[in-house]
Amino acid sequence: MELDFETWRIEARSLLQKGVPPHLTSWELTQSFFTIADSELKPLPSPKVPKEFMELAALVACARDPQRWALLYRLIFRLNHENAKLLNVVVDEDVHKAQLLAKSVSKDIHKMHAFVRFKKAVIDGQETYVAWHKAEHYIVKLATPFFVRRFGDKPWSIFTPDGSAHWNMETLSFSEGMSQSDFEHDDPFDEVWKTYYRSIYNPARLKIKMMKQEMSPKYWSSLPEAEIIHELIRETPQRLQNMSQTEKFLAQVPDTFDWSEVKKSALSCNACPLASQATQTVFGEGNLHAELMIVGEQPGDEEDLSGSAFVGPAGQVLAQALEKAGVARESIYLTNAVKHFKWTPANASAGGGKARIHKKASGSEMHACKPWLEKEIELVKPKVILALGATAGIALYGRLVQIQKERGKVRTDSAYAKTLLISWHPSAILRATNSDEASLRFNDLVSDIQSALAATKS
Amino acid sequence: MSLPDWNLIKSKLSILADAAKYDASCSSSGSHRKRDAKGMGNVEGMGICHSYAPDGRCISLLKILMTNFCIFDCKYCVNRVSSDVKRAKFSPDEIVTLTLEFYRRNYIEGLFLSSGIIESSDATMEKLIQVAKTLRQVHRFNGYIHLKVVAGSSQELIEEAGLWADRVSANVEMPVQKDLDILAPAKTIESATTSMNQIAEKVSEAKEEQKKSFRFRAPKFAPAGQTTQMIVGATGSTDSLILNSSQSLYRKYALRRVYYSAYSPIPHSDVLLPTEQPQLVRENRLYQADWLLRFYNFEAQELVNDENPDLPLDMDPKSAWALRNRQYFPVDVNSAAREQLLRVPGLGVRNVERILQMRPHRKISLLDLGKLRVPLKRTKYFVITSDHNPDVFLLDSQHLKKNIAPESTQLSLFDIKQTAVSGEI
């Protein structure tokens, strides 16, 4: 049976009272002994130690170091005979050693609080949580009251090779240890935890040494997440490569103030994959000195074939709205946020034939195309921009705009134009589920065009 | 409650944890809560890191977004509206269940919950609050909760969040408005600092109330205070801009910490952003400088200025300051005042305290400093000790920089780790 702190304390006190110097004591056996006649000692009837010493000693006593009892006795003796403030001299050999041991024990307790992994089990019909943990020092008694404070509402057991702790919702009791091979519990929920561990890891910051410093491999055998560490490290170079090789598209806009030249170069733009699928680039058109610019989303099937913006069904709706608002199409500049048609073939077996189904541009495609729009704005310098639809909204507002909510609100803090407004895209009118909704949206569009027109005059 | 579909939860979790990992905040310290007799969970002041990912970062909380759908288009963010990432959304109940199951198995200290903005800021914030409130009220959960303030949330909601959470925080993301204009056109520094101000006022108000109340304890408000995060290296902003911005945030809003997050390449990243590896050394130098501001009485202007707008990467900021201010040295470890000792390269706050404690009992030698694990390689040129220290005569040497700066330009992992844990430099 190993000495424990309480036995050592009683023993040390009696040796101190007799005045036995440390070099004459031995703590190898269960009981200390000394080898000198009582008469040669200088007795010390009431030995004293500072409170800090007792705190330090309680930790040192748990260290897995056979020298600890002798070290503690040396310290307690020197505190009484040499310097009551000895503990302040942290570079003293004994103080230093004791503090290192205490630090190592504290750390081990902290790591036990961190690394115990409970598994849910049903024992005698009761929901119980069980864990197996291997500590470096003899800390089961010091470390487990923490789990009572935290998980006192359910019974649990923690097994370690040096001893086990059990909570039955009334008392904390201790029993002998258990080896890992005898601990047979699985918790399918560990897989959910592993999923989290995998996803929270950022491969761009791989630092294996740092991880190991804080979570020593000696603890890994009872950590479910440790099972996938090697896999995560192995995958890292590939993940980084995939990230850096993800193609990033951005249109290269010529450095000129000549609109025709800009358009010409846009016609051969193949910055993103949309170019290869579309018939041609559909660039903006209209009055190059317009005070009002209308920005739609992206060309559709008919625009793609003709090369002109807003000529398809949606274009016709816009034309009607413009007319009703009293705006001549020739007086304004019309363009789209994305300049190529994106489509997928219709499902032929469902009778789609060769129809091309319009598809919304992805974020990276929208982004790739944006320099063209910015150049058009720079050249035309409109006083007012009216964005039509969500894609145009993202391009010009820098965020997703809910049209229902934000139409009618005039923005004057945009870098693109003095006044920025948004309205329904004409295709949203075509897509309306009933004619009431369609005419409501159409009237909205007309009134938004009118507001835009008014803003050019203010 | 019916059993959740764990496979569905797992697939959402993989998206929404991935989406949250760029927020560097991980701390679970600074708060105290006792377990409720009818529930589980407590907070004992010191945070616990329950695991470490292979990136060396601690895992203390279940850090997730409620949803990564977002109406904003902040270029540095993997969740911006124009990003092509997969999207998902947790219900408040799913988050509550995950938190409780994770906590019960001792995987975590609690929950860190943020979200992309859907519908409106307030609608999103309300859902985050609902999660915290359910955990506290329905499940009597007293583990740690950190709620992120959704940009632009109203004051009432911020005040309610602080009632349930241990920490409430708003990210400024960038040191200056100019950077936000480029990368996050719909965000303003002011909106973040307005939230910070509201939190700071409420925190100090609640503390006052608590002091005054005897019989009935006034309710706590975000007892672990607030923090913020700045992304480093996504724009050309200098360390000087960053540190001056931090200093002013610390002074105005009593922040516990500013987190610096080296911009790291994200999948589907915006073309405006750098693709090279994150500036980890720079990030570490900023953390070191940040410690100097908070615990060593340094002013930002002493560390970075017009002539030296960026912290040097090849040495710690205190050594760099010492090299520029050699007239301040040597400092006698046996007689110098606390604030003088704190300025010595290699002497950290804890060692300064130890030296002060030891001085009445013992003359301190260079060897003693070695036992305290003071990095003599740096320190010996700046101190007078009880024994003969010939290196102090090299203080004015032109080659001093070469002597104290580490040979390799790469910061050793040990340095980083030490700093991260103890804050000592």
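All values reported here derive from a predicted model rather than from experimental measurement.

Novice: For the overall build of chain A, give the residues involved together with the corresponding values.
Specialist: Along its length, chain A carries 18 helices and 14 strands. Here chain A has a C-alpha radius of gyration of 39 Å; the compact-globule value for 458 residues is 23 Å, and the former is much larger. Oriented by its inertia axes, the alpha-carbon framework of chain A measures out at about 120 × 50 × 40 Å. Per-residue burial for chain A yields a buried fraction of 52% across its 458 residues. At a minimum sequence separation of 6, the contacts of chain A that also span at least 24 residues come to 67%. Averaged over its 56 positive side-chain charges, chain A has a centre that lies 4 Å from the centre of its 56 negative ones.

Novice: Any chance you could break down the confidence of the model for chain B for me, citing the residues and the numbers?
Specialist: Residues of chain B with pLDDT of at least 70 account for 92%, and the chain-wide mean is 88. Predicted confidence for residues 409-425 of chain B stays below pLDDT 50, and this span has 38 contacts to residues more than four positions away or in other chains.

Novice: Which residues make up the packing of aromatic side chains, and what are the values?
Specialist: Enumeration over the complete set of coordinates arrives at 31 aromatic pairs over all chains. Relative to A:Trp156, the ring of A:Phe147 lies with its centre 6.0 Å away and its plane at 70°, an arrangement referred to as edge-to-face. Residues A:Phe147 and A:Trp156 agree in their burial class; the two are buried. Ring geometry for A:Trp193 and A:Tyr196: centres 5.8 Å apart, planes at 25°, overall stacked. Of this pair, A:Trp193 and A:Tyr196 are both found in helix H7 (residues 190-200), three residues apart, which corresponds to roughly one turn of the helix. Judged on exposure class, the residue A:Trp193 and its partner A:Tyr196 are both buried. One aromatic cluster in this structure is built from A:Phe118, A:Phe146, A:Phe147, A:Phe151, A:Trp156, B:Tyr103 and B:Phe141. Just above the ring of A:Phe283 sits the side chain of A:Lys339; from NZ or CZ to the centre is 5.9 Å. Over the face of the ring belonging to A:Tyr129 we find B:Arg104, whose NZ or CZ atom lies 5.4 Å from the ring centre.

Novice: Break down the packing of helix H3 (residues 68-81) of chain A against helix H4 (residues 93-115) of chain A for me, citing the residues and quoting the values.
Specialist: Residues and elements named next belong to chain A. In contact at an axis separation of 10 Å, H3 and H4 are set at 130° when each is read in the N-to-C sense. Considering the angle they form, H3 stands oblique to H4. Seen from above, H3 lies across H4 with left-handed handedness. Of the residues in H4, those in contact with Leu-71, Arg-74, Leu-75 and Arg-78 of H3 are Asp-94, Val-95, Lys-97, Ala-98 and Leu-101. Grouping the constituent residues of the contact of H3 with H4 by class yields five nonpolar, no polar and four charged.

Novice: I'd love a proper account of the packing of H7(A) against helix H1 (residues 6-18) of chain B, names of residues and values included.
Specialist: In a pair of packed helices, the angle between the axes and the distance between the axes together describe the arrangement. In the contact formed by H7(A) and H1(B), the axes pass within 8 Å of each other and the chain directions differ by 20°. With respect to their mutual orientation, H7(A) and H1(B) come out roughly parallel. Crossing angle aside, the handedness with which H7(A) passes H1(B) is right-handed. Seen from H7(A), the contacting residues are A:Glu191, A:Val192, A:Thr195, A:Tyr196, A:Ser199 and A:Ile200; seen from H1(B), they are B:Trp6, B:Lys10, B:Leu13, B:Ser14, B:Ala17 and B:Asp18. Here the residues of the contact of H7(A) with H1(B) are counted per class, giving six nonpolar, three polar and three charged.

Novice: Which residues make up the domain arrangement of chain A, and what are the values?
Specialist: Frequently, the measure chosen for interface size is the accessible area that the parts lose on association. All names here are of chain A. For chain A, the assigned domains read domain 1 (5-111), domain 2 (116-182), domain 3 (199-245) and domain 4 (259-345 + 356-457). Using C-alpha coordinates to define each centre, domain 2 is positioned 29 Å away from domain 3. With six residues of domain 2 at the interface, the matching set in domain 3 holds seven residues. For the pair domain 2 and domain 3, the summed buried area comes to about 580 Å², and 44% of that belongs to carbon and sulfur atoms. Area buried by domain 2 at its contact with domain 3 is led by Arg-117, Glu-136 and Gln-180, which between them contribute 62% of it. Counting across the interface, domain 2 meets domain 3 through two salt bridges. Between Lys-218 and Glu-136 there is a salt bridge; the shortest N-O distance is 2.9 Å. Linking domain 2 with domain 3 are three residue pairs in polar contact (both at pLDDT 80 or more), by the criterion used here. Looking at the side of domain 2 that touches domain 3, its residues break down into one nonpolar, two polar and three charged.

Calculation rules
Residues numbered from 1 in each chain as written. Chains lettered and ligands numbered in written order. Predicted model: local features only at pLDDT ≥ 70, side-chain atom pairs only at ≥ 80, totals over all residues. Heavy atoms only, no water. Helix = DSSP H or I, 4+ residues; strand = E, 2+ residues; numbered from the N terminus. Rg over C-alpha atoms; globule rule 2.2 N^0.38 Å. Buried < 20%, exposed > 50% of the residue type's maximum accessible area, 1.4 Å probe, protein only. Contact = heavy atoms within 4.5 Å. Lys, Arg positive; Asp, Glu negative; His and termini not counted. Charge placed at Lys NZ, Arg CZ, Asp CG, Glu CD. pLDDT = per-residue confidence, 0-100. Phe/Tyr/Trp six-rings, centres within 6.5 Å; stacked < 30°, edge-to-face > 60°. Lys NZ or Arg CZ within 6 Å of the ring centre and 35° of its normal. Axes fitted to C-alpha atoms, helices over the stretch in contact; angles between N-to-C directions. Parallel < 35°, antiparallel > 145°, perpendicular 65-115°, else oblique. Left-handed = near helix turned anticlockwise from the far one by under 90°. Nonpolar A, V, L, I, M, F, W, Y, C, P; charged D, E, K, R; others polar. Domains from an automatic or database assignment. Buried area = accessible area lost by both parts, 1.4 Å probe. Salt bridge = Lys/Arg side-chain N within 4 Å of Asp/Glu carboxyl O. Polar contact = N/O pair within 3.5 Å; in protein donor to acceptor, adjacent residues only side chain to side chain.

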